[in-house]
Amino acid sequence: MGKDVVVLIGPMGVGKTTIGKKLARALKVEFRDTDAMIVAEHGAIADIFAKLGEPEFRRFEEAAVASAISEPGVVATGGGAVLSELTQSRLGSTTVVYLSTDGRHMASRLANGNRPLLQNGLDDWRRIYEERKPTYESLADITINTSNQTMASALDEIKTRLTKND
Ligand code: S3P
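Residues numbered from 1 in each chain as written. Predicted model: local features only at pLDDT ≥ 70, side-chain atom pairs only at ≥ 80, totals over all residues. Heavy atoms only, no water.

1. Focus on helix 2 (residues 34-42)
Working step 1: Where helix 2 begins, one side-chain oxygen reaches toward the backbone nitrogen of Asp35, 3.0 Å away; that side chain belongs to Asp33.
Working step 2: Following helix 2 by one or two positions, Gly43 adopts a phi angle in the positive range, close to 100°. (Polar contact = N/O pair within 3.5 Å; in protein donor to acceptor, adjacent residues only side chain to side chain. Helix = DSSP H or I, 4+ residues; strand = E, 2+ residues; numbered from the N terminus.)

Here it is, written out as C-alpha cells:
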C-alpha cells in the first residue's frame, strides 16, 4: 500500500498545514497542501466559492487530493476534502492522521482566516465539525488530540505512532 503517503484530515483551523509542514520536515519528505494547490491553479478559495460555488470547489479539491497523494510525502487537506466518496476510498491507500480538537483555542485560531463557510464564526465551525466528525473518525488510521498538548508534543505523538503503525 502507498503508506509512504501521510494525509492529515480534520476540521478547519486545527493545524493541518502547520503540523503537516513540520512533520514533512522531520520525516525528510515532501509536503503538499491541497488548499494551496487549488489556489495556485484556480485562485483564492473565497473567490471560487463566490463565483463558481461550493460544488465546483469540491471538484477542484477532489482532483487536488488525488494528485497530492499520488507521490510519497505528507499531505494537508482542507477540512471538507473528506466529503467526497471518491476521496474517501482513495485515502484507503494512505496513512490517514486525524487531528481532533475539543474546540478549545479555536476562536483565536480561526480569527485571521478567510473561510467562506464560517460566516457565523465559531457556531458554523462547531456545526460543521459535528457533521463531519463521524467521517473523520471512520477514515482515521491514527487520531491525535491536538487540544490537550502543545504543537511540539502533538508532532512527537504523530511521529511515534507512525512508526508503530508501520
Ligand atoms: C473548508 C476548509 C478550508 C478550505 C475551504 C473549505 C471546509 O480548509 O478548504 O475554506 O469545508 O472545511 P482548512 O481546513 O485548511 O481551513
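Additional details are given in the paragraphs that follow.
2. Overview of the pairing of strand 4 (residues 95-100)
Working step 1: Burial runs high along strand 4: six of the six residues are buried.
Working step 2: Every second residue of strand 4 is oriented toward a common face, with Thr95, Val97 and Leu99 on one face and Val96, Tyr98 and Ser100 on the other, all of them buried.
Working step 3: In this structure, strand 1 (residues 5-9) lies alongside strand 4, joined through four bridges in parallel fashion. Note that in strand 4 the partner of Val6 across the bridge is Thr95.
Working step 4: As judged from the four bridges shared by strand 4 and strand 5 (residues 142-145), these two strands associate in the parallel manner. Among the inter-strand pairings, Tyr98 is bridged to a residue of strand 5, identified as Thr143. (Buried < 20%, exposed > 50% of the residue type's maximum accessible area, 1.4 Å probe, protein only. Pairing = 2+ DSSP bridges.)

3. Notes on the site of the ligand
Working step 1: Around the ligand sit 14 residues in total, of which Lys16, Asp35, Arg58, Arg115 and Arg132 are the nearest.
Working step 2: Within the side chain of Lys16, one N or O atom sits 2.7 Å away from an oxygen atom of the ligand.
Working step 3: Arg115 is positioned with one of its side-chain polar atoms (N or O) 2.6 Å from an oxygen atom of the ligand.
Working step 4: The protein chains hide 94% of the 380 Å² of surface that the ligand would expose on its own.
Working step 5: Class assignment for the residues of the shell around the ligand results in five nonpolar, three polar and six charged. (Near = heavy atom within 4 Å. Areas by Shrake-Rupley, 256 points an atom, 1.4 Å probe, with all protein chains shown as cover. Nonpolar A, V, L, I, M, F, W, Y, C, P; charged D, E, K, R; others polar.)

4. Remarks on the nonpolar core
Working step 1: Formed by 21 residues in total, the largest nonpolar core has its most connected members in Val7, Ile9, Leu91 and Trp125.
Working step 2: Counting only elements with at least two residues in this core, the list comes to strand 1, helix 4 (54-68), strand 4, helix 6 (106-111) and helix 7 (121-139).
Working step 3: Counting residues per element, this core draws most heavily on helix 7, which supplies five residues.
Working step 4: Those residues in contact with Trp125 that lie beyond four places of it in its chain are Pro11, Met12, Thr101, Gly103, Met106, Leu110 and Leu118.
Working step 5: Core analysis: the second largest hydrophobic core is formed by 15 residues, Val6, Val74, Ile158 and Leu162 among them. (Core = buried A, V, L, I, M, F, W, Y, C linked by side-chain atoms within 4.5 Å. Contact = heavy atoms within 4.5 Å.)

5. Remarks on the environment of Asn120
Working step 1: Among the secondary structure elements, Asn120 is positioned in the loop between helix 6 and helix 7.
Working step 2: Expressed as a C-alpha distance, the spacing of Asn120 and Ala36, which sit 84 residues apart in the sequence, is 24 Å.

6. Some points on the pattern of salt bridges
Working step 1: Going through the model one piece at a time under the given rule, you end up with 10 salt bridges.
Working step 2: Across the pair Asp124 and Arg127 runs a salt bridge whose closest N-O atoms are separated by 3.1 Å. Residue Asp124 and its partner Arg127 are both found in helix 7; the two are separated by three residues, about one turn of the helix.
Working step 3: Overall, Asp124 belongs to the buried group, its relative accessible area being 8%.
Working step 4: In this structure, the salt-bridge partner of Glu131 is Arg127, at a minimum N-O distance of 3.5 Å. Of the two residues, Glu131 and Arg127 both sit in helix 7, four residues apart, roughly one turn of that helix. (Salt bridge = Lys/Arg side-chain N within 4 Å of Asp/Glu carboxyl O.)

7. Looking at the sheet that holds strand 5
Working step 1: The five strands are arranged 2-3-1-4-5 in an open sheet whose pairing can be described as parallel. Strand pairing shows two members of the sheet lacking a second neighbour, strand 2 (31-33) and strand 5, which therefore form its edges. Neighbour to neighbour, the strand axes of the sheet diverge by 20° on average, direction disregarded.
Working step 2: Pairing analysis gives three bridges linking strand 2 to strand 3 (residues 73-76), with the strands arranged parallel. Each bridged residue has a counterpart across the sheet, and for Asp33 the counterpart in strand 3 is Ala76.
Working step 3: Across the sheet, helix 2 is in contact with strand 2 and strand 3; its angle to strand 2 comes to roughly 65°. (Axes fitted to C-alpha atoms, helices over the stretch in contact; angles between N-to-C directions.)

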